[in-house]
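# Observations on chain architecture
If you want the building blocks of each chain, they are given just below.
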Amino acid sequence: MAERVRQEFKHAWEGYKQYAWGHDDLKPLSKGYHDWYAHTLVMTPVDALDTMMLMGLNDEAAKTRDYIANNLSFDRDIYVKNFEITIRMLGGLLSGYQLSGDKRLLALADDLGTRLLPAFNSPTGMPYVYVNLKTGAVRGEETNPAEIGTLLIEFGTLSKLTGKTVYYEKAKRALVELYNRRSPIGLVGSSINVKTGKWSDPVSHIGGGIDSYYEYLLKASILFDDPDCKRMWNSTIDAVNKYVADDEPTGFWYGQTNMNTGVHIGNDFEALAAFFPGTLALSGDLDRARKLEDSAYTMWTLYGIEPEAINYKTMTIASNGYELRPEIIESAFYLYRFTGNPRYREMGRVFFDSLVKYCRTDVAFAALSDVKKKTQKDEMESFFLAETLKYLYLLFSPPETLDLSKNVLNTEAHPMRRTW
Ligand code: DMJ
């Protein structure tokens with residue numbers, strides 16, 4: 001199975017190289033390319049580099065490192081999304097450096113980190129959504145917990161590897177400022193203003209927009225042995241399990257809850273929320289992790305591939321489409337590592353077979369706009385190579401391929417190794 005996954009990685013990578021080389025993303029149906037901004041940031045190669053290394057595609061990885069070192073420049077007059085560029089690019093450069101020792105990647109990461117730092121210059125210390133890589137100008141004061149709280153693994157690692165403490169301090173302060181604005185019952189909402197520090201949407205959940213905030217409280221406590229993060233994780237997970245978890249006849253789920261009152265207000269579960277069994281497993285809560293992964297698996301098998309969101313009371317689709325997302329596979333990987341139960345590899349085989357059956361194209365893989373009709377759309381996000389195929393590969397590979405006692409994977413599946 002690992003070899004089959006590796007072959008499919010090569011298939012998608014060859015398609016990217018042939019039709020989109022040097023650009024951010026491949027368009028897998030029209031065989032063109034898409035750049036996020038006015039200049040390419042060479043996103044797919046940076047995001048995919050450590051997957052190649054873990055798969056032992058060493059010649060390809062060496063060529064890709066050379067290309068990145070010679071062609072990637074952050075000296076661009078573009079407003080980038082701090083969160084996305086941090087998790088994909090900063091994370092990819094740092095793990096690429098740690099796996100190869102190529103100092104050119106660390107230099108690029110340091111340059112990028114410096115250019116992203118002005119994002120934190122808000123009155124609260126919580127980052128603006130966008131920052132201009134050349135001028136340091138910022139925009140976007142309405143943001144969410146994920147975009148504020150999913151930075152410490154990357155900025156913290158950059159601090160540890162460069163000796164520049166400012167990166168750790170800025171990202172940690174943002175995380176703490178967010179945590180300090182939790183409600184009296186310990187929950188965060190969906191939107192917050194970084195200038196005023198006031199919540200503009202009080203709906204609490206574990207899905208997109210909050211998801212990786214929880215993940216980084218736990219992972220930063222592990223990677224950096226940071227007792228503040230551990231304390232914040234402990235109190236947060238207690239509140240989430242008390243007010244957001246929902247036991248239903250259809251399974252164990254997490255829904256939507258008002259952050260102030262604790263009143264349950266919605267029954268949607270997103271594909272993005274399927275990262276949570278993995279985080280629960282990493283925290284040692286195998287009981288909830290197992291139950292939630294079983295629920296997510298039901299969601300995947302409803303139509304043979306995972307919808308973007310369902311209503312878990314009615315088991316009907318709330319958002320159609322499959323974006324080639326990794327989360328449910330990531331959770332199967334953690335559960336397999338921590339339980340050794342072959343059930344999770346069986347799930348992985350089902351995920352892989354669905355991907356090949358419905359998303360594979362002649363040149364790569366395509367997202368779906370409709371999981372019932374299995375209609376493909378012209379998108380293959382870089383996380384498909386960074387995460388989806390990496391977690392599948394790791395699920396079927398021996399544990400030495402990635403030692404979880406020495407590595408913490410960022411939210412884009414870039415492994416950070418505690419070398420300090
Ligand atoms: C990835 O960029 C990351 O996993 C992020 O945390 C959520 N969205 C995508 C994958 O679905």
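Preceding this section is the structure that the text describes.
Numbers given for residues are sequential positions, taken from 1 along each chain in its written order. Whole-chain, interface and lining totals are the exception, using all residues; otherwise, since this is a predicted model, local features are given only for residues with pLDDT of at least 70 and side-chain atom pairs are given and counted only at 80 or more. The side-chain figures draw on all heavy atoms in the structure; neither hydrogens nor water molecules are used.

We now examine the overall build of the chain. Strands here mean DSSP runs of E at least two residues long; helices mean DSSP runs of H or I at least four residues long; both are numbered from the N terminus. Broken down by element type, the chain carries 15 helices and 20 strands. Put simply, the radius of gyration uses C-alpha atoms, and a globule should come to 2.2 Å times the residue count raised to 0.38. In summary, the chain has a C-alpha radius of gyration of 20 Å against a globular reference of 22 Å for 420 residues, a match within 12%. Counting only C-alpha atoms, the chain reaches 55 × 50 × 40 Å along its principal axes. When the 420 residues of the chain are sorted by exposure, 61% land in the buried category. A 1.4 Å probe and the Shrake-Rupley method give the accessible areas. Residues count as covered only by the protein chains that appear here. Here the chain displays about 14,800 Å² of accessible surface, and carbon together with sulfur accounts for 47% of that area. When charges are counted, Lys and Arg contribute as positive and Asp and Glu as negative, whereas His and the chain ends are disregarded. Charge positions come from single atoms, namely NZ of Lys, CZ of Arg, CG of Asp or CD of Glu. Side chains of the chain give 48 positive and 55 negative charges; the mean places of these two sets differ by 2 Å. Burial classification: accessible surface area is computed with a 1.4 Å probe over protein chains only, and a residue below 20% of its type maximum counts as buried, one above 50% as exposed, and the rest as partly exposed.

With respect to the helices and strands, the residue Q376 is situated in strand β18 (residues 375-376). Any two residues having at least one pair of non-hydrogen atoms within 4.5 Å are treated as being in contact. Not counting chain neighbours up to four residues away, the residues in contact with Q376 comprise L29, Y358, C359, R360, T361, A366, A367 and L368. At a separation of 3.5 Å, a polar atom in the side chain of Q376 contacts the main-chain carbonyl oxygen of C359. Between N or O atoms, a polar contact is any pair within 3.5 Å; within protein, one atom must be a potential hydrogen donor and the other a potential acceptor, and residues adjacent in sequence are included only when both atoms are from side chains.

With that settled, the discussion passes to the site of the ligand. The near set for a molecule or strand comprises every residue that places at least one heavy atom within 4 Å of it. Taken together, I87, R88, L272, R325, P326, E327, F383, E387, T411 and E412 make up the full set of residues adjacent to the ligand. Side-chain polar atom of R325 to an oxygen atom of the ligand: 2.8 Å apart, as the coordinates give it. E412 is positioned with one of its side-chain polar atoms (N or O) 2.6 Å from an oxygen atom of the ligand. Protein coverage of the free-state accessible area of the ligand, which is 290 Å², stands at 92%. Counting only elements with at least two residues in the shell around the ligand, the list comes to α4 (82-100) and α15 (383-395). Polarity classes work like this: nonpolar for Ala, Val, Leu, Ile, Met, Phe, Trp, Tyr, Cys and Pro, charged for Asp, Glu, Lys and Arg, and polar for all others, with Gly in that last group. Partitioning the shell around the ligand into residue classes produces 4 nonpolar, 1 polar and 5 charged.

This paragraph deals with helix α11 (residues 276-283). A large share of α11 lies buried, amounting to 6 of its 8 residues. Of the positions making up α11, those classed as buried are F276, P277, G278, T279, L280 and A281. Among the structural elements, α9 (211-223), α10 (227-243), β11 (251-254), α12 (286-302) and α13 (327-339) are those in contact with the buried residues of α11.

Here D285 is to be found in the loop between α11 and α12. Here the side chain of D285 touches R288 through a polar contact of 2.7 Å, side chain to side chain. Ignoring anything within four residues of it in the chain, the contact list for D285 reads N241 and L280.

For strand β15 (residues 309-311) and strand β16 (residues 316-319), the ladder comprises 3 bridges, and the chain directions are antiparallel. Bridging from a neighbouring strand, I310 pairs with I317 of β16. Hairpin connection from β15 to β16: 4 residues lie between these consecutive antiparallel strands, with M315 at a positive phi of about 55°. Any two strands with at least two DSSP bridges between them are considered paired.

This part covers the sheet that holds strand β9 (residues 203-204). Here 3 strands make up an open sheet; going across it, the order is β9-β12-β13 and the pairing antiparallel. Edge positions in the sheet fall to β9 and β13 (264-266), since each of these pairs with one other strand and no more. As defined by bridge partners, β9 adjoins strand β12 (residues 256-258) across 2 bridges and the pair is classed as antiparallel. If you follow S204 over to β12, its bridge partner there is T257.

On to the pattern of salt bridges, then. When a carboxyl oxygen of Asp or Glu is within 4 Å of a side-chain nitrogen of Lys or Arg, the pair counts as a salt bridge. Throughout the structure, instances matching the rule amount to 33 salt bridges. With a closest N to O distance of 3.8 Å, K377 and E379 form a salt bridge. One salt-bridge network, held together by shared partners, links R65, D66, D102 and R104.

This brings us to the side chain of T150. Inspection of the secondary structure puts T150 in the loop between α6 (145-149) and α7 (152-162). Taking the relative accessible area as the measure of exposure, T150 reaches 0% and is therefore buried. Here A146 takes part through its backbone oxygen, which lies 2.5 Å from a polar atom of the side chain of T150. Polar contacts involving the side chain of T150 include one to the side chain of S212, which spans 2.8 Å. Among residues more than four places away in sequence, those in contact with T150 are F83, T86, I87, P145, S212, Y213, Y216 and T411.

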